[in-house]
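Residue-level listing of the chains:
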Amino acid sequence: MLITKRVEFSASHVCRNPLLTDQENQELFGVAANPHGHGHNYVVDVTVEGDPDPVTGMVLDLKKLKELVNREVIQTYDHRFLNREVEPFDHVVPTVENIAIDIWNRLAPHLTQKDSRLQGIRVYETPDLYVDYFGEAA
Ligand code: NI
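All values reported here derive from a predicted model rather than from experimental measurement. (Residues numbered from 1 in each chain as written. Predicted model: local features only at pLDDT ≥ 70, side-chain atom pairs only at ≥ 80, totals over all residues. Heavy atoms only, no water.)

Trainee: Describe the pattern of salt bridges, listing the residues and the values that go with them.
Mentor: Evaluation of the coordinates by the stated rule reveals eight salt bridges. Across the salt bridge formed by Arg16 and Asp22, the nearest N and O atoms sit 2.5 Å from each other. What makes Arg16 partly exposed here is its relative accessible area of 27%. Its salt-bridge partner being Asp132, residue Arg122 comes within 2.7 Å of it at the nearest N-O pair. Taken as a pair, Arg122 in strand β5 (residues 116-126) and Asp132 in strand β6 (residues 129-133) lie far apart in primary sequence, 10 residues in all. Classification of Asp132 as partly exposed rests on a relative accessible area of 36%. (Salt bridge = Lys/Arg side-chain N within 4 Å of Asp/Glu carboxyl O. Buried < 20%, exposed > 50% of the residue type's maximum accessible area, 1.4 Å probe, protein only. Helix = DSSP H or I, 4+ residues; strand = E, 2+ residues; numbered from the N terminus.)

Trainee: Help me get a handle on the coordination of the nickel ion, residues and values and all.
Mentor: For the nickel ion, the protein coordination sphere consists of His13 (NE2), His38 (NE2) and His40 (NE2), at 2.0 to 2.1 Å. Along the chain, the residues that donate to the nickel ion are spaced as H-x24-H-x1-H. Pair noted here: His13 is in strand β1 (residues 2-13) and His38 is in strand β2 (residues 38-49), with a separation of 25 residues, a long-range link. In this structure His13 comes out as buried when scored by relative accessible area, which is 1%. The class of His38 is partly exposed, set by a relative accessible area of 25%. (Donors = N, O, S within 2.8 Å, 3.2 Å for Na, K, Ca; no water.)

Trainee: Go over the nonpolar core, please, and point to the residues and values.
Mentor: In this structure, Phe9, Tyr77, Ile99, Ile103, Leu107, Ile121 and Val123 are the most contacted members of the largest nonpolar core, which totals 30 residues. Mapped onto this core, the elements with two or more residues apiece are β1, β2, α2 (62-77), α4 (96-107) and β5. (Core = buried A, V, L, I, M, F, W, Y, C linked by side-chain atoms within 4.5 Å.)

Trainee: So what's going on with the packing of aromatic side chains? Which residues, and what values?
Mentor: Following the criterion strictly, the structure yields five aromatic pairs and no others. Residues Phe9 and Tyr77 carry aromatic rings whose centres are separated by 4.9 Å and whose planes lie at 40° to one another, so their mutual orientation is tilted. Placement of the pair is Phe9 in strand β1 and Tyr77 in helix α2, with a sequence separation of 68 residues. Measuring from centroid to centroid gives 4.7 Å for Tyr124 and Tyr130, while their planes differ by 45°, and the two rings are tilted. Accessibility expressed as a relative area gives 39% for Tyr130, which makes it partly exposed. Following the ring pairs from residue to residue traces out a cluster consisting of Phe9, Tyr42, Tyr77 and Phe89. Of note, Arg84 hangs over the ring of Phe81, and the distance from its end group to the ring centre comes to 4.2 Å. (Phe/Tyr/Trp six-rings, centres within 6.5 Å; stacked < 30°, edge-to-face > 60°. Lys NZ or Arg CZ within 6 Å of the ring centre and 35° of its normal.)

Trainee: Lay out the side chain of Thr47 with the relevant residues and their values.
Mentor: Checked against the element boundaries, Thr47 lands in strand β2. The exposure class assigned to Thr47 is buried, which follows from its relative accessible area of 11%. In this structure, Thr47 is in contact with Leu2, Ile3, Thr4, Arg117, Leu118, Gln119 and Gly120, ignoring residues within four places of it in sequence. (Contact = heavy atoms within 4.5 Å.)

Rendered as structure tokens:
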């Protein structure tokens, strides 16, 4: 069974790789390369896979999942300028793809039980654009 918790945060970013020239960044990322940055309201779906516990009827304690996601994702990302304030985005371009990978890496070590393990991370950057990431188990 899959169970998904959805959370949202607002953050700003610049899509720019310092290894490329200004012109290359402009061609690759367009206005998103503007160094002043721009914001998105990101939506994150955290999906956990497991079987409901026969006693509690739950795959996992949803209060604990909420606390974990608040601590690892919301407190890390909300109202941040990702390139300047959130590792690894000082040297990794904060595309929606890389944000999904980073969120996976933050959560996976805490969701390793055989009966409640992290299954996937979906991140919406806009209502019509999202990525799904299924990383390695921690
Ligand atoms: Ni953007």
